[in-house]
Amino acid sequence: MVHERRRLLVAGNWKMHHDHLEAIRTVSELAVRLSADTLSRVEVSVHPAFTALRSVQTVIEDRGLPVVLGAQHCAPQDQGAYTGEVAPGMLARLGVRYVLVGHSERRQLFGQDDATVASTAAAVRRHGMVPVVCVGETEVEREQGRTEERLTAQVSAGLAELAGAPALLAGSDELEREAPLVVAYEPVWAIGSGATPSADDVQAAAAVVRGALADAVGGETAAAVRILYGGSVNAANAADLLAGPDVDGLLVGGASLKAESFAAIASQAAAAALAAAGRRR
Ligand code: PGA
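Residues numbered from 1 in each chain as written. Predicted model: local features only at pLDDT ≥ 70, side-chain atom pairs only at ≥ 80, totals over all residues. Heavy atoms only, no water.

So, about helix α10 (residues 199-217). Relative to the 27 Å expected for 19 residues at 1.5 Å per residue, α10 spans 26 Å between its end C-alpha atoms, a close match to the ideal helical length. All of the buried residues in α10 are Ala 199, Val 202, Gln 203, Ala 205, Ala 206, Val 208, Val 209, Arg 210, Ala 212, Leu 213 and Val 217. Directly after α10, the chain includes Gly 218, whose backbone phi takes a positive value near 95 degrees. (Helix = DSSP H or I, 4+ residues; strand = E, 2+ residues; numbered from the N terminus. Expected span 1.5 Å × (residues − 1). Buried < 20%, exposed > 50% of the residue type's maximum accessible area, 1.4 Å probe, protein only.)

The next thing to look at is the site of the ligand. Taken together, 13 residues surround the ligand, and among them Lys 15, His 103, Glu 186, Gly 192 and Ser 232 come closest. In the model, an oxygen atom of the ligand is placed 2.6 Å from a nitrogen or oxygen of the Gly 192 main chain. One nitrogen or oxygen atom from the main chain of Ser 232 is found 2.7 Å from an oxygen atom belonging to the ligand. Notes on the ligand: free accessible area 280 Å², of which the protein chains cover 94%. (Near = heavy atom within 4 Å. Polar contact = N/O pair within 3.5 Å; in protein donor to acceptor, adjacent residues only side chain to side chain. Areas by Shrake-Rupley, 256 points an atom, 1.4 Å probe, with all protein chains shown as cover.)

We now examine the sheet that holds strand β4 (residues 98-101). On the basis of which strands lie adjacent, the closed barrel formed by eight strands has the order β1-β2-β3-β4-β5-β6-β7-β8 and parallel pairing. On average, each strand axis in the sheet is tilted by 25 degrees relative to the strand beside it, whichever way the strands run. Of the strands in this sheet, β2 (42-47) and β3 (68-71) touch helix α3 (residues 50-63), which is tilted by about 170 degrees from β3. (Pairing = 2+ DSSP bridges. Axes fitted to C-alpha atoms, helices over the stretch in contact; angles between N-to-C directions. Contact = heavy atoms within 4.5 Å.)

In this structure, Leu 162 sits in helix α9 (residues 160-163). Its relative accessible area of 1% is what places Leu 162 among the buried residues. For the pair Leu 162 and Ser 198, spaced 36 residues apart in sequence, the C-alpha separation works out to 31 Å. In this view, Leu 162 contacts Ala 121, Ala 122, Arg 125, Pro 131, Leu 168, Leu 169 and Leu 181; residues no more than four positions away in its chain are not counted.

As a further point, take the side chain of Thr 26. Here Thr 26 shows up in helix α1 (residues 20-33). Residue Thr 26 is classed as buried on the basis of its relative accessible area of 8%. From its side chain, Thr 26 meets the backbone oxygen of Glu 22 in a polar contact 2.7 Å long. Not counting residues within four places of it along the chain, the set of residues in contact with Thr 26 comprises Trp 14, His 18, Leu 257 and Ala 259.

Shown next, in the form of structure tokens:
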């Protein structure tokens, strides 16, 4: 991150791992391992499975842990006959701040399409939470040179409903420095594969995303949106992947499951933020 106004966000997507007891242990250990210095520069969120959300929320609230609660998914509807789904209002009641929307696993394995991404992102905002809208090209699209086109299309389609309801993106006091919207750039081929793009490629993609955001929601809001990188992030590559001026954080899967490696990534992100601040002076 080089933009002074945007605080880094390091988000841990626990996917279908950690039952509620493992989740309690992990978030407790994570809080111990996050230094005050790291937390002064980086916001850290965890996104447990639905069954663990209530437990993790209770631990965070009871002990005042410096970790923000996130979820991995929700329904676009407020309520109704949707067997197996979880409503955005239910997450808001648990103190959830960030909700992943349109993760590539939801798109590929559960048929989530752009229209549902758009309505879910708007629903999350309507309930006062912040959507983390995930976009990214597949390996084939990248080989065909279609990365820019795909990112632009996904941002524009995924934000279509929010773009039509600017009041939902107006900042609140709590969120005054950042827009209440996060976009995660996650190349599908990099998720869980151990492969990552170069720092230059991540920055180029983040710049494309920011340009598409400006078209969708206006330049001022776009400048305040945090853009995360996700896909095979670990403590060794975190600082490098964050080097670009449009990259404002990380979405971490596998390496967020253990408190030690996730805290190390947050600490690397804080170091990168400090270095970027030094370059600005
Ligand atoms: P990974 O997952 O860090 O295990 O590659 C990232 C994600 O899917 O959000």
